[in-house]
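Single-letter residue listing:
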Amino acid sequence: IISSVTAAISLGAIPGGESSSVQTVAVSGLSRGDALFLTLDSIYHATDANRDIAWQCSSSSTAGEAHVWGINSTITSVTPTAATFVRLTRIKFGNFPAA
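Notes on the structure follow. Note that the structure is a prediction, hence the values are computed from the model and not measured. (Residues numbered from 1 in each chain as written. Predicted model: local features only at pLDDT ≥ 70, side-chain atom pairs only at ≥ 80, totals over all residues. Heavy atoms only, no water.)

## Here we look at the nonpolar core
As a rule of thumb, nonpolar side chains are buried together in soluble globular proteins.
Right, on to step 1. I9, V25, I53, W55 and L88 are the most contacted members of the largest nonpolar core, which totals 16 residues.
Right, on to step 2. Elements that contribute at least two residues to this core include exactly β1 (2-9), β4 (53-59), β5 (65-72) and β6 (84-91).
Right, on to step 3. The contact partners of I53, leaving out residues within four places of it in the chain, are L11, I14, Y44, G70, I71, N72, V78 and P80. (Core = buried A, V, L, I, M, F, W, Y, C linked by side-chain atoms within 4.5 Å. Buried < 20%, exposed > 50% of the residue type's maximum accessible area, 1.4 Å probe, protein only. Helix = DSSP H or I, 4+ residues; strand = E, 2+ residues; numbered from the N terminus. Contact = heavy atoms within 4.5 Å.)

## Overview of the pattern of salt bridges
If charged atoms from side chains of opposite charge come close, those side chains can pair.
Right, on to step 1. Throughout the structure, instances matching the rule amount to 3 salt bridges.
Right, on to step 2. The salt bridge involving K92 is made with D34; its shortest N-O contact spans 3.7 Å. Taken as a pair, K92 in the segment after β6 and D34 in the loop between β2 (23-26) and β3 (35-40) lie far apart in primary sequence, 58 residues in all.
Right, on to step 3. On the basis of relative accessible area, K92 is assigned to the partly exposed category, the value being 25%.
Right, on to step 4. Three or more residues joined by partner-sharing salt bridges are found here, namely D34, R90 and K92. (Salt bridge = Lys/Arg side-chain N within 4 Å of Asp/Glu carboxyl O.)

## A few points about the environment of Q23
Right, on to step 1. Here Q23 is to be found in strand β2.
Right, on to step 2. The spacing of Q23 and L40 is 17 residues in sequence and 15 Å in space, taken between C-alpha atoms.
Right, on to step 3. When neighbours within four sequence positions are excluded, Q23 is seen to be in contact with I9, S10, L11, A66, H67 and V68.

## Description of the packing of aromatic side chains
Right, on to step 1. One pass over the structure, following the stated rule, counts 1 aromatic pair.
Right, on to step 2. Considering the side-chain rings of Y44 and W55, the 5.9 Å spacing of their centres and the 80 degrees angle between planes classify their relative orientation as edge-to-face. Of this pair, Y44 sits in the loop between β3 and β4 while W55 sits in strand β4; the two residues are 11 residues apart in sequence, bridging distant segments of the chain. Each member of the pair, Y44 as well as W55, carries the same accessibility label: buried. (Phe/Tyr/Trp six-rings, centres within 6.5 Å; stacked < 30°, edge-to-face > 60°.)

## Considering the sheet that holds β6
Either a parallel or an antiparallel arrangement is found when strands of a sheet pair, and the pairing is made through backbone hydrogen bonds.
Right, on to step 1. Ordered in space as β1-β6-β3, the 3 strands form an open sheet in which the pairing is antiparallel. With one partner strand each, in any of the chains shown, β1 and β3 form the two edges of the open sheet. Taken over all neighbouring pairs, the strand axes of this sheet differ in orientation by 25 degrees on average, direction set aside.
Right, on to step 2. Inspection of the sheet shows β3 paired to β6 by 6 bridges, in the antiparallel sense. Of the residues in β6, the one forming a bridge with T39 is R87. (Pairing = 2+ DSSP bridges. Axes fitted to C-alpha atoms, helices over the stretch in contact; angles between N-to-C directions.)

What follows is the structure, encoded as structure tokens:
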């Protein structure tokens, strides 16, 4: 099963060499063990400061929720474009066994 959702996410200022706060996005049907991919808006990298941010995502321990955050690769604070549009795509492989 493949599904996707689009969300506007604002990471705010990210200190040098650190990560942003975690943002939560609702992804219908998402559960632990699903593959989750994040795709940025096609013009995101047109702003120079945005090039220093590596976006990350993972499924939450809460069903139907994904976590999204950014990591700043520079030594100075960076504020990526506010309300960046991302697409989260989920591929469901079945249930992941409890730890």
